[in-house]
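Understanding the architecture of this molecule
Here are the chains, one letter per residue:
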Amino acid sequence: TVEQKALIKVCKPGVTLLIEDGLMAVKVIEKVSDAELRVQVERGGKLKARKGVNVPECEIDCAALTAKDIEDAEYLLTLDPPCEYI
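So, here is what we can say about the structure in this document. Note that the structure is predicted; figures quoted are calculated from it, not measured. (Residues numbered from 1 in each chain as written. Predicted model: local features only at pLDDT ≥ 70, side-chain atom pairs only at ≥ 80, totals over all residues. Heavy atoms only, no water.)

Topic: the overall build of the chain
When its secondary structure is counted, the chain shows 2 helices and 4 strands. Shown N-terminal to C-terminal, the secondary structure of the chain runs as helices and strands in the order α-β-β-β-β-α. For 86 residues, the compact-globule formula gives about 12 Å, and the C-alpha radius of gyration of the chain, at 17 Å, lies well above that figure. Principal-axis analysis of the C-alpha atoms gives the chain an extent of 50 × 25 × 20 Å. (Helix = DSSP H or I, 4+ residues; strand = E, 2+ residues; numbered from the N terminus. Rg over C-alpha atoms; globule rule 2.2 N^0.38 Å.)

Regarding the sheet that holds strand 4 (residues 53-54)
Across the sheet, which stays open at both edges, the 4 strands sit in the order 3-2-1-4 with antiparallel pairing between neighbours. Edge positions in the open sheet fall to strand 3 (36-43) and strand 4, since each of these has one partner strand only. Running over the sheet, helix 1 (residues 2-10) touches strand 1 (16-19), strand 2 (24-33), strand 3 and strand 4 and is turned about 85° from strand 2. (Pairing = 2+ DSSP bridges. Contact = heavy atoms within 4.5 Å. Axes fitted to C-alpha atoms, helices over the stretch in contact; angles between N-to-C directions.)

Considering the pairing of strand 3
Alignment of strand 2 against strand 3, held across 7 bridges, turns out to be antiparallel. Directly across from Glu30, in strand 3, lies its bridge partner Arg38.

In structure tokens:
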């Protein structure tokens, strides 16, 4: 995905990736390619699908909101009364 490519692009050796709200943590050992990182587990756990990855040490160049998120927010603003909190 675009997000994965942007994440790998900014990761350098020594950067820590936090998985599932920080329950697990890995440190980048090597950038193998533009699509693959070699990491060392620092705080392990059961890795499950669809869990978030945070990189507090880096700024990732990709949109936080998808086009669908924006479309949904615009719809919520058309309601009467409009949604005040999303």
